[in-house]
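For reference, the chains in residue letters:
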Amino acid sequence: MGAVPDSSTTSAPPDGTPAPALVTSREAAAAAGGGAAAARVAMVARLEKSGDLGAGPVRDALLALPREVLMPQAYARRSAPDEVPPRWDLLDWRRPEDRGELLRLLHSGESVPVQHGGEPLLGRVPGPRRGGSMTAMSSAMGMTAGLLGVLDLRRGQRVLDIGTGAAVTAGVMCFVCGDAGVVTLDVNGHVGAAARARLAELGYRPAVVTGDGRAGCPDGAPFDRIFVSFAVPRVPPALLAQLAPGGRALMTVGTSSPSWPGLAVITKTATGAVVAELRAVELGHRGGVGFDRLFLSAGLRERIATGPGRWTQRSHVAPPADTERGFWLALDAHHPGLVRHFGADDLTIGAPECGSWMRARPVGQRRWEVTVDGPRDIWAELHDVADRWRAAGSPRPTACTSTLAASSG
């Protein structure tokens, strides 16, 4: 584990001006008055209304944990989605002029970027950044709250939190389970150092480990709960070995496409057998280090929106609804390499690796205009899976799961 950097040092600002004197996150939060507490209450109320959060210890934790202490600095994007190079501003809770925007960002429910280009998180100077990419963030709160509910955290459990990020999930685990049983692990030592310092401000001292999340933390095993906050192409065997009898693990499992994630819900029986269930879900975590995901470039999105395509036809057969998530998960498994453009008005799917695409738009009652281009006939692939899906009775998303059982060895 890396040591916490000396809080009396700061990184130099880009323009060479003197860095501001450091104030602890706790001191800055106290100075901000009750605005942050009201924002937490409003955020929790929205999560309850959306159905992502119910009564219980996770709700209590989200009401109690000050997000501005866990994330006293965060990035606000200033550039358009396809603008190159991208531009961000690092907001700082210590600066009164930043607090309003940062308060809204932290409690919006959206994902919150907290690290740029693998930088140290402690002692940063706020201000603009250009280029590079975001390397750590707090995930969308609705997804996180729902997953923590499925995880079923309880007092006294030993918990492994893989992918520390902004330490929000680690904070919830400390609140619910007690910090003595919590291990939080991240591949980036700067992320771990910041988590250690900020959780300590809240009175929590979990074990903070730097390493490859896929290897887990064998020195701390076995764990009653394992939570992975990045997507993996397959369940790492090391994590199964570190799960205690009666334990549960959660992680996003996916292909190279980020469009249709699966949630692996893994339990280990008292006899050591591992039972894994893959659930079709709406949202999943981003890919971890080394797990490259496909995306639709601006140019391909433009061709799909305006291109004439290889052929266009009318169809009376509607594509499955977005809510039939099990179908879309099956499509990804049987015909990989597809990415959905959810921001388009029409049903828009592309295959970035070969440039194929399809566009389907309603043109009247129970009629669709379908345009296809490229070497792959994505419309035919879609209906290949849809026919099999309907033959199976169009099972609901909660029933459309694959269950495997095997000895943990």
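What comes next concerns the included structure. Quick caveat, the model's predicted, so the values are computed rather than measured. As a convention, each chain's residues are numbered from 1 in the sequence order in which they are written. With pLDDT at 70 or above as the cut-off, local features in this predicted model cover only qualifying residues; side-chain atom pairs require 80 or more to be listed or tallied, and sums for whole chains, interfaces and linings still use all residues. Hydrogens and water molecules were not included; the side-chain quantities draw on all heavy atoms of the structure.

## Topic: the overall build of the protein
Along the backbone of the protein there are 12 helices and 18 strands. Counting only contacts in the protein whose residues sit at least 6 apart along the sequence, the fraction spanning at least 24 positions is 63%. Carbon and sulfur atoms make up 54% of the accessible area of the protein, which totals about 18600 Å². Helix and strand assignments come from DSSP, with helices taken as H or I runs of at least 4 residues and strands as E runs of at least 2, each series counted from the N terminus. Between two residues, a contact is recorded if the distance between any of their heavy atoms is within 4.5 Å. To be clear on the numbers: accessible area is Shrake-Rupley with a 1.4 Å probe, and residue cover counts the displayed protein chains and nothing else.

## Here we look at the sheet that holds strand 17 (residues 368-373)
Pairing in this open sheet of 5 strands is antiparallel, and the strands run 13-17-16-15-14 from one edge to the other. Looking at strand neighbours, the two that pair on one side only are strand 13 (311-315) and strand 14 (339-340), the edges of this open sheet. In this description, strands pair whenever DSSP reports at least two bridges between them. In terms of strand pairing, strand 13 meets strand 17 through 5 bridges, oriented antiparallel. Its bridge partner being in strand 17, Gln-313 is matched across the sheet by Val-370. Every axis in this analysis is a line fitted to C-alpha atoms, fitted for helices over the stretch in contact. Angles between the N-to-C directions lie between 0 and 180 degrees. Sitting on the sheet, helix 12 (residues 378-391) touches strand 13, strand 15 (347-351), strand 16 (356-362) and strand 17, and the angle it makes with strand 16 is about 70°.

## A closer look at empty space enclosed by the protein
Any residue with an atom within 4 Å of a point lines the site, the site being either a cavity, points on a 1 Å grid over the protein atoms alone where a 1.4 Å probe fits but cannot get out, or a pocket, an open set with protein on both sides within 12 Å along at least 5 of 7 lines. Grid points are joined across faces, edges and corners, and a volume is the space filled by probe spheres set on the points. Enumeration according to the criterion identifies 2 cavities of 30 Å³ or more in this entry. Counted as a void, the largest cavity has a volume near 50 Å³. Lining the largest cavity, in full, are Met-43, Leu-62, Leu-65, Arg-67, Leu-70, Val-168 and Val-172. Among the secondary structure elements, those contributing two or more residues to the lining of the largest cavity are helix 4 (67-70) and helix 7 (168-177). Any residue that is not Ala, Val, Leu, Ile, Met, Phe, Trp, Tyr, Cys, Pro, Asp, Glu, Lys or Arg is counted as polar, Gly included; the first ten are nonpolar and the last four charged. For the lining of the largest cavity, the per-class residue count stands at 6 nonpolar, no polar and 1 charged. Of the pockets and cavities examined, the second largest cavity occupies roughly 30 Å³. Leu-70, Leu-121, Gly-165, Ala-166, Ala-167, Val-191, Ala-194, Ala-195 and Arg-198 are the residues that line the second largest cavity. If one sorts the elements of the lining of the second largest cavity by residue count, helix 8 (residues 189-201) sits on top with 4 residues. Counted by class, the lining of the second largest cavity contains 7 nonpolar, 1 polar and 1 charged residues.

## Digging into helix 3 (residues 57-64)
Exposure is judged per residue with a 1.4 Å probe applied to protein chains only, and the accessible area is read against the type maximum: over 50% gives exposed, under 20% gives buried, and values in between give partly exposed. Residues Val-58, Ala-61 and Leu-62 constitute the buried set of helix 3. Each buried residue of helix 3 sits inside an arc of 95° when the element is viewed along its axis, so together they form one side. Tucked inside the fold, the buried residues of helix 3 contact helix 2 (35-50), helix 6 (141-151) and helix 7. The directions from the helix axis to the C-beta atoms form the arc being described.

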